[in-house]
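# Breakdown of the fold
Below are the chains, spelled out letter by letter.
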Amino acid sequence: MRKRVFYFASITTDSLNQRAGTTLIISPATNKVIAVCRALNAAGVKAVIVSSYIPTAMRSRWRFRQIFRQRGVAFVQLFTLGSTYLNRLVSMLSYAIYAAAAVRPADKVLLYNYFLEYIPAAFVLWLCDNRAIIDIEDAPRKDDRSMRGLVNRLSFAVLSRLCASRCVTVSQTIGPMCGFRESLPIYGVSSYFRMLSAARTRRETLALLFGGAITQETGLDIFLACVFHLADEFSTLSVEFHITGRYDRSLFEKLKGEIEKRSSIRLFLWGALSSADYNSLLNSMDVGLCLKLPEHSIGQTTFPSKVIEYSSFGMLVCSTPVSDVPFIFDDTTAVILTPPTGEELANTIVMISQNREHYEEIASEGQRMTIERFSSVAVGRAARDFIFGTL
């Protein structure tokens, strides 16, 4: 009988949003989960995404069955209901019922992170002596004193006792740091991103992408210092910065007005984009920026999977030496900012703009490396063998 993996992950997809007529919310988590499931399918495993995330217009539909396929992957939508807190309570019940009703003894369950909703399902699987495996995307942070941080640590403490002693992670250091005996880092699946890419558009002006949740921890101060340095010292430089994701809109609009008055630098503020629009933008970018601070806890407890995405699309990765980035890339496949400062980033951008062909060769070598190292075949086989304990 074909092996099966159920990937519990509270994600949405473009198909689900289109059915509901709601705004697309396609996050890196969605791409990661779908990509890993496609890789498992390629390795001979039937992978199924099980999600309790449902747009408002589609709530109150009880369906414990495959309702559609998302980019070739089976997707099960669970029943949920009501506001945020009621939604989480109902999701707990939905995941637990699904685990009891659908998961056979030979099947395996992956949990995307360590949300409270998974605890009853993990308990059911523990009772059946078929412990789930946690996929730790963001390790719990001891310095986070907010209610969310407290809940995350509590949820992790419970799930780590109910789940297997091995875990999937996004970093070599996270597994041991969290007390797991064995861990498998999965950084991303290059062939999935290659499937989304198209022929690249070469711009006369150097185009750089800075996206995600843009905060001080993810490099806001480095970016601001870089842009001001460029405007002061290289005001005639022809570069474009494209800003996507979640950020302080008023701050960036003020920055855009000030910088564009005094230099030829241009800023484009896109905000949150649909999957199709985001992929189209990636195909026209030259450089992808990853500016997470290596010394900050967020840089030590997660991995910026977007660097694999950027490289797979053929973009030049320009990153701080955060998490496992230096273990994957070197100066022949990417640009690593040392020291990770705004002035260093500005000087690097000047060098790239003045030596386009040289850095395009580095981007091409980075793309070749990620395609080879993070193919569906390689990732799928490694994940299959680890999940089923044959490594």
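Residues numbered from 1 in each chain as written. Predicted model: local features only at pLDDT ≥ 70, side-chain atom pairs only at ≥ 80, totals over all residues. Heavy atoms only, no water.

### Describing the packing of helix α8 (residues 220–233) against helix α14 (residues 342–354)
Contact geometry for α8 and α14: axes closest at 7 Å, N-to-C directions at 55 degrees. Classed by the angle they form, the pair α8 and α14 counts as oblique. As α8 runs across α14, the sense of the crossing is right-handed. In this structure, α8 uses I222, A225, C226, H229 and L230 to contact α14, whose residues at the interface are G342, E343, L345, A346, N347, I349 and V350. Class assignment of the residues belonging to the contact of α8 with α14 gives a composition of eight nonpolar, three polar and one charged. (Axes fitted to C-alpha atoms, helices over the stretch in contact; angles between N-to-C directions. Helix = DSSP H or I, 4+ residues; strand = E, 2+ residues; numbered from the N terminus. Parallel < 35°, antiparallel > 145°, perpendicular 65-115°, else oblique. Left-handed = near helix turned anticlockwise from the far one by under 90°. Contact = heavy atoms within 4.5 Å. Nonpolar A, V, L, I, M, F, W, Y, C, P; charged D, E, K, R; others polar.)

### Details of the sheet that holds strand β12 (residues 287–290)
Spatially, β11-β10-β9-β12-β13-β14 is the arrangement adopted by the six strands of the open sheet, whose pairing is parallel. If you trace the sheet from one side to the other, it starts and ends with β11 (266–271) and β14 (335–336), each paired once. Bridge analysis of strand β13 (residues 316–319) against β14 gives two bridges, and the strand direction is parallel. Pairing of C318 across the sheet is with V335, part of β14. (Pairing = 2+ DSSP bridges.)

### Focus: unusual backbone geometry
That bond from T338 to P339 is cis: its omega, 0 degrees, falls within 30 degrees of zero. Note that P339 resides in the loop between β14 and α14. Positive phi is not limited to glycine here, since N113 has a value of about 65 degrees. Structurally, the position occupied by N113 is in the loop between β5 (108–112) and α4 (119–127). Classification of N113 as buried rests on a relative accessible area of 6%. Phi at S323 is positive, roughly 50 degrees, even though this residue is not glycine. (Buried < 20%, exposed > 50% of the residue type's maximum accessible area, 1.4 Å probe, protein only.)

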